[in-house]
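Chain by chain, the residues run as shown.
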Amino acid sequence: VAAELATLKELPAITQDGVRMPLWVNTGLIADVARSLEKGAEGIGLYRTEIPFMVRDFFPSEHEQTQIYRKQLEAFAPLPVTMRTLDIGGDKALPYFPIQEENPFLGWRGIRVTLDHPEIFLVQIRAMLRANEGLGNLRIMLPMVTSVHEVDEAKRLLDRALAELQDEGYVVERPLVGVMIEVPAAVYQARLFAQRVDFISVGSNDLTQYLLAVDRNNPRVAGLYMAYHPAVLKALEYISREAHKEGVQVSICGEMAAEPGGALLLMAMGYDVLSMNATNLPGIKSAIRGVTMAQAEALLAQVSRMDDADKIQALMSDTIQTLG
Ligand code: PEP
Ligand code: MG
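I will try to describe carefully the structure that is included in this document. (Residues numbered from 1 in each chain as written. Chains lettered and ligands numbered in written order. Predicted model: local features only at pLDDT ≥ 70, side-chain atom pairs only at ≥ 80, totals over all residues.)

**Overview of the overall build of the protein chain**
Selection rule: Think of it this way: any DSSP run of H or I at least four residues long counts as a helix, any run of E at least two long counts as a strand, and we number them from the N terminus. Each residue is classed by its C-beta neighbour count within 10 Å, where at least 20 other C-beta atoms makes it buried, 12 or fewer makes it exposed, and intermediate counts make it partly exposed; the C-beta atoms are placed from backbone geometry.
Secondary structure assignment for the protein chain yields 15 helices and eight strands. Considered along the principal axes of its C-alpha atoms, the protein chain spans approximately 60 × 45 × 40 Å. When each of the 324 residues of the protein chain is scored for burial, the buried share is 45%.

What follows is the structure, encoded as structure tokens:
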């Protein structure tokens, strides 16, 4: 099986009736990059920039960040690299920037922190833009967005960083900008976001947690954390439909894309890109190569008529086993 998966690297993720599905990876450290290319990744759908921040004792400087980001961009160029702006708070803590809250998942997280600290945000954006000089494969993605004014504010800061750098003599270009949909409020504004950005990427880990009100890290309620909950599936389908009305790319970078059943459903929903951890990529590719789009669509139609997450989960397991 290992040898079979290794030869898969050169083959595209394409269904038996010819539908091509780009498979990208989620990364954090530079060590992830070589592994991802080895598995045949066609881009980075989520580079978690907080990870290099977490392994340090203080905020990395603009120079240091530029070097870190440059390595990711260079290793993948000309393939796209989606850098998420700092996503701290909730389950992600920086030792040198403590946040004490009763309810961290409903608190100061992601874009909320960086818009309150534009000096942190601007340094990071400047570093990304500088790292992209002469390469042009950078995409910037905003985490934990709830309202459109957050996107407008972030884009205003991006404009400022671009203008400053140009004044300083850097040859920087405007990257594609996207938002993550992780908060239920954002689901219902998918079309409004799509009017403001170049791409949308669903963070299904947080979105599932918030839709079901189940802490993603609490073992006591782990059984209630169900990626195949009908409400989660309906939300995912809605996002794809709404965002496509504006013609923007819709991708997913949560763990759901790393499950063969999840990947097939997302493909049937019209997702344009699936981004996942490198380890699972070959298995997902082989699942996609084993079906027709018509089969994936029939599976989605069947699942859409079901009302119970456990039954859907059971159907998905059976289907994946039958497909081998
Ligand atoms: C997500 O929430 O699905 C996601 C991709 O981001 P993270 O897991 O880093 O919160
Ligand atoms: Mg998240």
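**Quick look at the site of ligand 1**
The criterion, for reference: Using a C-beta atom placed from the backbone for every residue, we mark a residue as near a molecule or strand if that atom lies within 6 Å of it. Under this grouping Gly is polar, as are all residues other than the nonpolar Ala, Val, Leu, Ile, Met, Phe, Trp, Tyr, Cys and Pro and the charged Asp, Glu, Lys and Arg.
In the neighbourhood of ligand 1, the contacting residues comprise Leu 46, Arg 48, Asp 87, Glu 182, Gly 203, Ser 204, Asn 205, Asp 206, Cys 253 and Gly 254. Among the secondary structure elements, those contributing two or more residues to the shell around ligand 1 are strand S2 (44–48) and helix H10 (204–212). Among the elements that take part in the shell around ligand 1, H10 stands out by supplying three residues, more than any other. Of the residues assigned to the shell around ligand 1, the class counts are two nonpolar, four polar and four charged.

**Details of the nonpolar core**
When a protein is soluble and globular, its nonpolar side chains tend to lie buried together. How we decide: Each nonpolar core reported here comprises buried Ala, Val, Leu, Ile, Met, Phe, Trp, Tyr and Cys residues connected via C-beta atoms within 7 Å. A pair of residues counts as a contact when their C-beta atoms, built from backbone coordinates, are within 7 Å of each other.
Formed by 89 residues in total, the largest nonpolar core has its most connected members in Val 179, Ile 181, Ile 200, Ile 239, Leu 266 and Leu 274. Ranked by residues supplied to this core, first place goes to helix H6 (residues 118–131) with seven residues. Aside from chain neighbours lying at most four places away, what touches Ile 239 is Ile 181, Val 187, Ala 190, Ile 200, Val 202 and Val 250.

**A few points about the packing of helix H4 (residues 62–76) against H6**
Condition: Angular values range over 0 to 180 degrees, each being the angle between N-to-C directions of two axes fitted as lines to C-alpha atoms, with helices fitted over their stretch in contact. If an angle is under 35 degrees, it is roughly parallel; if it is over 145, roughly antiparallel; if it lies from 65 to 115, roughly perpendicular; otherwise it is oblique. Definitions for this section: a left-handed crossing has its near helix turned counterclockwise from the far helix by less than a right angle. A right-handed crossing has that turn clockwise.
Look at H4 against H6: their axes get within 8 Å of each other, and the N-to-C directions meet at 45°. It follows from the interaxial angle that H4 and H6 lie oblique. In the packing of H4 onto H6, the handedness of the crossing is right-handed. For the pair formed by H4 and H6, the contact residues are Glu 62, Gln 65, Thr 66, Tyr 69, Arg 70 and Leu 73 on the first element and Val 123, Gln 124, Arg 126, Ala 127, Met 128, Arg 130 and Ala 131 on the second.

**Looking at the packing of helix H12 (residues 260–268) against helix H14 (residues 293–304)**
Each pair of packed helices gets described by two things: the angle between the helix axes and the distance between those axes. For the pair H12 and H14, interaxial distance at closest approach is 8 Å and the crossing angle is 95°. Relative to H14, H12 is oriented roughly perpendicular. Only Ala 296, Glu 297, Leu 299, Leu 300 and Val 303 of H14 make contact with H12, whose side of the interface consists of Leu 264, Leu 265, Met 267 and Ala 268. Looking at the contact of H12 with H14 residue by residue, the class counts come to eight nonpolar, no polar and one charged.

**A short note on the sheet that holds strand S1 (residues 23–27)**
Our working rule: Two strands pair if DSSP finds at least two bridges between them.
In spatial order, the strands read S1-S2-S3-S4-S5-S6-S7-S8; together these eight strands close into a barrel with parallel pairing. For this sheet the average axis-to-axis angle between neighbouring strands, irrespective of direction, equals 25°. Pairing of S1 with strand S8 (residues 273–276), which is carried by three bridges, proceeds in the parallel orientation. Bridging from a neighbouring strand, Val 25 pairs with Met 276 of S8.

**Quick word on the environment of Met 293**
Here Met 293 is to be found in helix H14. In sequence terms Met 293 and Ala 268 are 25 residues apart; their C-alpha atoms lie 6.9 Å from each other. Discounting residues that sit within four places of it in the chain, Met 293 has contacts with Thr 15, Asp 17 and Val 19.

**Overview of the pairing of strand S3 (residues 81–84)**
In S3, alternate side chains face the same way, and those of Val 81 and Met 83 on one face and Thr 82 and Arg 84 on the other are all buried. The pairing of S2 with S3 spans three bridges and is parallel. Note on S3: the bridge partner recorded for Tyr 47 is Met 83. Taken together, the four bridges between S3 and strand S4 (residues 138–142) define a ladder with parallel strand orientation. When the sheet's bridge partners are listed, Thr 82 is paired in S4 with Arg 139.

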